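The chain contents come next:
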Amino acid sequence: MAGEAARLLVRFGRRYAAAMRLATLAPICAIALFRAPPEHLAPTAAVAAVAAVWTCGYAWWLRAGRGTAPVALDVAVLLGLAASVFWTDAIEDRNTGWLRLLITFACVTCQWHTSPPVGGTAAVVAGGGAMAFYTAAGALDVDTTLVTGQMWAVPAAALSRAAWVLVHHAAEKADRMAAEAARIRGASLVATAVRTEERELANSLHDTAATTLLMVGTGQVRSDADWLAPQARRDLDRLRSDSGRAPRHADLVDLLRADLDATHLTVEFDAPARLVLPFEIARVIADAAGEALTNVRRHAGTTRATVRLSGDARALRLDIADRGKGFSPAGVPDTRRGLRESVRGRMSRVGGTATITSAEGEGTLVRLEWRAGDE
């Protein structure tokens, strides 16, 4: 199946052929009339009028693009015009130049909208037929150039076909390159989506089950703690929901409030009554905030934190602050993915930012910001 470039080239060939024949029509007819002697002006003008009417009709057919152009009829009309030399005495007047130009341009432009066999046959029949009529009318006895000049129609058509084949091959190559680029782009998008999904799954595992198991394994909590089983169920529900179909919109305030129950911290929560966002944005911000609160519980040495949400669906800011022991953000190893992926990485993927301000003994402030249109 032809690609976009090849289809456009076919359309261009028909229109350019029509434009070329129309552009050369006026000067060709003028030559016919100016070289005709007074006694032959009327029949020459009649033949030129027929040529003009047919050329305009054929050009309209080409530009309209309505099926296969009547190439055979075009050749028949051209041969009829060449045969008019018996009526107009054009051979005696040496007034065949305009016919030679008319037929040559027709043979050349025919190569731009036909197949090679059709175009080649049309050029040979039209050019060779005109030479035969001139010879029969006695052109060789008057001036051999009247016949030999018409011979150039076929070589000119051959050169036109060669050029058109090169252009067509270039269009096909462009289509192949575009198709390959589209394939590579599609594969890249799929790979990016897979990597994003894998990264988010890794983040979810880190923020839920892995964190809970690590706290049990390191002895931070007792394995028989009364909140451990409900927390494990929440972790499992969260992983299941991540693999399911998400709604289109969600209330960020509800998501934050639900996650606060799992922090086991005393949290001062200040937020609007509702803040509805696209689900993906709301879930990412809530998850990043949840990881920041998990870090407070695990590392800050305090059981209290403050969460403040301000803004609207166009721009918002979420602060998670504590008065714990603080840390040096620059000193966090690259192997620790909590702040790097679960907070900064998440916000970056939706066009937001995460700023961590902390120092030893000064507590920590995690500021999440997002603006519509930045993702």
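The structure presented is a predicted model; accordingly, all values stated were derived computationally and were not measured.

A.B. asks: Can you help me understand the packing of helix α2 (residues 41-64) against helix α3 (residues 71-83) in this one?
C.D. replies: At their nearest, the axes of α2 and α3 sit 11 Å apart, and the two run at 170° to each other. The pairing of α2 with α3 is recorded here as roughly antiparallel in orientation. Pair α2 / α3 crosses with left-handed handedness. On the side of α2, the interface is formed by V47, V50, A51, W54 and Y58, while α3 contributes V71, L73, D74, V77 and L81.

A.B. asks: How do you make sense of the pairing of strand β6 (residues 353-358) when you look at a structure like this?
C.D. replies: Consecutive residues of a regular strand have side chains that alternate between opposite faces of the sheet. Along β6, the buried face is formed by A354, I356 and S358; none of T353, T355 and T357, which line the opposite face, is buried. The sheet contact formed by β6 and strand β7 (residues 364-371) spans 6 bridges and is antiparallel. Bridged to S358 within β7 is T364. The hairpin formed by β6 and β7 contains 5 residues between the paired strands, and G361 there has a positive phi angle of roughly 85°.

A.B. asks: Even after reading the chapter, I still don't get the packing of helix α11 (residues 252-260) against helix α12 (residues 279-300), so can you show me in this structure?
C.D. replies: Packed helices, taken two at a time, are described by the angle between their axes plus the distance between the axes. Interhelical geometry of α11 versus α12 gives an angle of 30° and a closest axis separation of 9 Å. By the angle class used here, α11 and α12 are roughly parallel. Crossing of α11 against α12: the hand is right-handed. On the side of α11, the interface is formed by L252, L255, L256, D259 and L260, while α12 contributes A282, R283, I285, A286, A289 and L293. Looking at the contact of α11 with α12, its residues break down into 9 nonpolar, no polar and 2 charged.

A.B. asks: Explanation requested: the environment of A83 in the structure shown.
C.D. replies: Relative to the assigned elements, A83 resides in helix α3. Owing to a relative accessible area of 24%, A83 belongs among the partly exposed residues under this scheme.

A.B. asks: What should I look at first to understand unusual backbone geometry in this one?
C.D. replies: Of all residues except glycine, most have a negative phi; of all peptide bonds, most are trans. Its identity is not glycine, yet D89 carries a phi of approximately 55°, on the positive side. Among the structural elements, D89 can be located in the loop between α4 (85-88) and α5 (97-110). Classification of D89 as partly exposed rests on a relative accessible area of 33%.

Conventions used here
- Residues numbered from 1 in each chain as written.
- Predicted model: local features only at pLDDT ≥ 70, side-chain atom pairs only at ≥ 80, totals over all residues.
- Heavy atoms only, no water.
- Axes fitted to C-alpha atoms, helices over the stretch in contact; angles between N-to-C directions.
- Helix = DSSP H or I, 4+ residues; strand = E, 2+ residues; numbered from the N terminus.
- Parallel < 35°, antiparallel > 145°, perpendicular 65-115°, else oblique.
- Left-handed = near helix turned anticlockwise from the far one by under 90°.
- Contact = heavy atoms within 4.5 Å.
- Buried < 20%, exposed > 50% of the residue type's maximum accessible area, 1.4 Å probe, protein only.
- Pairing = 2+ DSSP bridges.
- Nonpolar A, V, L, I, M, F, W, Y, C, P; charged D, E, K, R; others polar.

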